[in-house]
Amino acid sequence: MSELPGNPKKPKLKEEEEEEEEEEEANVSCREEQEEVLVALVEHRSNEIERINHHISNYQTKLIEAEKSLQNSKAKLAQLRGVSSIPSNSAKKDDKPLKTLRNVSEDYPSPSPSKTLRSCDSSDHPRSSSASSVSKAKTVVLKQKSERSRDSLNVKDRGTKRKFEQKEHKELIRLIARNSSPTTIKCHTSNQISSQHKRKLRSLILCPVNEQLFATSSLDGMVSLWQLQPRRLAASLLSTTDCMSRKQRRWAEDMAWHPSGHTLFSVYTADDGDSQISILNLNKTRGVTFLENKPHVKGIINNIKFMPWENTCFVTGGSDHAVVLWNESDDEEKKWKSKPLHRNLHSAAVMGVDGMRNKNVVLSVGADKRICGFDFQVGRADYKHQIDYKCMSVLSNPCDFNLFMVQSGEPEKQLRLFDIRLRKTELHSFGWKQDSSESQSALINQSWSPDGLYITSGSVDPVIHVFDIRYNARKPTQSIKAHQKRVFKAEWHYSQPLLISISSDLNIGLHKIS
């Protein structure tokens with residue numbers, strides 16, 4: 001009987017011990033979750049600091065070069081005016097204050113980090129109240145950083161005349177069709193991201209001054225600004241702007257980036273008195289503005305292209321058979337002045353325009369099968385040629401200043417190469433077979449590689465065709481499977497081993513090459 005009182009106490013002690021163990025395990029799990037969140041946040045912020053330091057280093061180098069160029073220019077100006085030299089102290093007083101490191105880092109916005117820590121989102125794993133609060137706080141911080149990075153895209157106005165990049169001419173024409181075997185490029189990895197456009201994409205252009213930025217437009221009337229993510233095959237959407245025309249609410253037919261990088265130009269139609277050209281200001285101070293000039297008289301404006309010359313100007317070609325030159329002026333009310341170069345050299349719609357770098361010649365091609373080279377200083381066409389099929393676009397070579405390419409409507413012979421010095425002479429032609437359709441679309445575009453040796457072309461099939469101009473065959477050097485539907489364009493990046501493509505599957509393709 002004396003042992004009975006001790007038996008009922010043992011179960012209670014055991015239950016208390018189990019409760020203590022469960023509580024301790026819960027605390028450990030909570031701490032582990034909090035630690036996981038904080039480790040991920042520390043890693044993200046370390047990477048962000050690394051990116052900013054990289055941009056600061058680049059800008060400091062550019063700043064030193066710009067200061068040297070400024071001093072050289074002032075010294076030359078002083079010599080021209082009869083002064084032996086300009087004192088460096090006075091020059092520094094006249095100079096504008098230098099940017100702080102903070103301002104320098106803001107010129108290149110960091111990619112939106114909202115997707116970086118998605119695996120740590122509180123909705124993915126149930127947590128304790130303390131861990132959940134840490135996650136929510138982190139999400140708010142990242143959202144604020146994302147908004148600030150978008151607002152920091154402030155490309156400053158650099159004036160009417162930019163520092164013109166003098167490129168060296170390279171003789172490539174002698175290499176055309178000389179090799180019996182092609183030199184192929186290697187496509188290592190590809191990634192597709194949603195364009196977030198609601199209708200088919202129309203244009204893809206790269207920023208001429210910021211290697212991380214590119215823009216897309218589509219039939220939904222929206223223009224989207226994108227930023228490539230460093231060391232990743234991905235891009236972040238920075239902004240989307242409604243760029244529909246004023247009256248008819250039409251989408252942009254084509255886009256071009258101002259050489260200074262601070263504005264995007266779009267062209268529309270000349271029908272019913274609608275706006276013909278809009279300017280999207282990336283400083284976000286004025287948004288979208290429309291030029292009052294309306295030199296085209298009817299139909300769609302098919303193409304816009306900034307000329308590769310020192311004086312900033314661009315050219316448009318329209319369905320009214322006209323080619324119009326637009327010059328930038330100092331007049332704030334009429335910033336751009338238009339002048340028709342010709343209206344009668346083409347008997348049908350002008351489908352494409354471009355400029356020759358070493359001459360003041362504007363190339364134009366039309367649905368009338370004609371190729372024209374108009375010297376606007378002399379006021380006449382110095383180059384005329386006509387082929388057997390309609391022409392749909394023209395591209396001058398970035399390295400050989402006498403070479404240009406024309407896209408035609410002839411199957412298996414879509415791309416033609418010409419020398420501006422040789423009249424009525426075709427250097428070489430090549431093309432591709434189409435499996436899904438026999439018709440040739442004017443929405444398919446091409447792009448030169450930075451070295452001027454390769455051409456990429458879209459296709460009504462879901463592939464990117466690559467052509468080596470040194471290859472003597474008339475077929476693609478290679479065809480890269482890139483999308484699910486037709487490819488409109490594949491643009492070579494000018495400083496990275498990268499191809500960027502757009503497709504009617506509403507995706508943007510990023511393709512790492514070598």
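Residues numbered from 1 in each chain as written. Predicted model: local features only at pLDDT ≥ 70, side-chain atom pairs only at ≥ 80, totals over all residues. Heavy atoms only, no water.

A. Examining the overall build of the chain more closely. Scanning the chain for helices and strands turns up four helices and 28 strands. Out of the 514 residues in the chain, the part that is buried amounts to 49%. Per element, the accessible surface of the chain, about 26900 Å² overall, is 48% carbon and sulfur. (Helix = DSSP H or I, 4+ residues; strand = E, 2+ residues; numbered from the N terminus. Buried < 20%, exposed > 50% of the residue type's maximum accessible area, 1.4 Å probe, protein only. Areas by Shrake-Rupley, 256 points an atom, 1.4 Å probe, with all protein chains shown as cover.)

B. The sheet that holds strand β6 (residues 254-257), seen in detail. Ordered in space as β6-β7-β8-β9, the four strands form an open sheet in which the pairing is antiparallel. Whereas interior strands pair on both sides, the edge strands pair on one side only; in this sheet they are β6 and β9 (288-290). Within this sheet the neighbouring strands show an average axis-to-axis angle of 25 degrees, counted without direction. Taken together, the three bridges between strand β8 (residues 277-281) and β9 define a ladder with antiparallel strand orientation. Residue pairing for β9: S278 is matched across the bridge by F290. (Pairing = 2+ DSSP bridges. Axes fitted to C-alpha atoms, helices over the stretch in contact; angles between N-to-C directions.)

C. Broad picture of the sheet that holds strand β21 (residues 426-430). Read from one edge of the open sheet, four strands run β18-β19-β20-β21, paired in antiparallel fashion. A strand with exactly one partner marks an edge of an open sheet, and here the two such strands are β18 (391-396) and β21. Shown here is a sheet whose adjacent strand axes are inclined to one another by a mean of 20 degrees, direction ignored. Where strand β20 (residues 415-419) and β21 come together, four bridges link them in antiparallel fashion. Bridge pairing links L417 to H428 in β21.

D. Summary view of the environment of T263. By the element assignment, T263 lies in strand β7 (residues 263-267). Once the C-alpha coordinates of T263 and N283 are considered, the two residues, 20 residues apart in sequence, prove to be 8.2 Å apart. Contacts of T263, omitting those with residues within four sequence positions, involve A256, W257, H258, I279, L280 and N281. (Contact = heavy atoms within 4.5 Å.)

E. The pairing of strand β12 (residues 323-328), seen in detail. In terms of residue burial, β12 counts as a mostly covered element, since five of its six residues are buried. Sheet topology places strand β11 (residues 313-318) next to β12; five bridges connect them, and they run antiparallel. By the bridge assignment, C313 is partnered in β12 with N327. Bridging between β12 and strand β13 (residues 336-342) involves six bridges; their strand directions are antiparallel. Bridged to W326 within β13 is S338.

F. Structural view of the nonpolar core. Residues I185, L417, W448, I455 and I469 are the most contacted members of the largest nonpolar core, which totals 27 residues. Secondary-structure elements contributing two or more residues to this core are β19 (403-408), β20, β23 (454-457), β24 (463-468) and β26 (487-492). Setting aside its immediate chain neighbours within four residues, L417 contacts I176, L403, F404, M405, E426, L427, H428, F430, W448, I455 and I469. (Core = buried A, V, L, I, M, F, W, Y, C linked by side-chain atoms within 4.5 Å.)

G. Geometry of the pattern of salt bridges. If you walk through the whole model with that rule in mind, you get 13 salt bridges. A salt bridge links D354 to K305, with the shortest nitrogen-to-oxygen separation between them at 3.7 Å. Here the residue D354 occupies a position in strand β14 (residues 350-355), and K305 occupies one in strand β10 (residues 301-306), the gap between them amounting to 49 residues. Across the pair, exposure class does not vary: D354 and K305 are buried alike. Put simply, R421 and D419 hold a salt bridge, and the shortest N to O gap is 2.9 Å. The class for R421 is partly exposed, based on a relative accessible area of 45%. Take D419: its relative accessible area is 3%, and that puts it in the buried class. Where salt bridges share partners, they join R202, R250 and E253 into one cluster. (Salt bridge = Lys/Arg side-chain N within 4 Å of Asp/Glu carboxyl O.)

H. Just the side chain of S245, in detail. Within the secondary structure, S245 is located in the loop between β5 (235-242) and β6. Here the side chain of S245 touches R249 through a polar contact of 3.3 Å, landing on its backbone nitrogen. Polar contacts involving the side chain of S245 include one to the side chain of D274, which spans 2.8 Å. In contact with S245, other than residues within four places in its own chain, are R250, Y268, D274, S275 and F290. (Polar contact = N/O pair within 3.5 Å; in protein donor to acceptor, adjacent residues only side chain to side chain.)

I. Layout of the pairing of β19. Counted residue by residue, β19 has six buried out of six residues, so it is predominantly covered. In this structure, β18 lies alongside β19, joined through five bridges in antiparallel fashion. Note that in β19 the partner of V394 across the bridge is V406. Taken together, β18 and the strand that follows it, β19, pair antiparallel across an intervening segment of six residues. Of the pairings in the sheet, the one linking β19 to β20 comprises five bridges and is antiparallel in character. Across the sheet, F404 pairs through a bridge with F418, a residue of β20. The antiparallel pairing of β19 with β20 creates a hairpin that spans six residues between the two strands, and E412 there sits at a positive phi of about 65 degrees.

J. Structural view of unusual backbone geometry. At H321, a position not held by glycine, the phi torsion is positive, near 75 degrees. Mapped onto the secondary structure, H321 falls in the loop between β11 and β12. Positive phi is not limited to glycine here, since L506 has a value of about 70 degrees. The topology assignment puts L506 in the loop between β27 (498-503) and β28 (507-513). The class for L506 is partly exposed, based on a relative accessible area of 25%.

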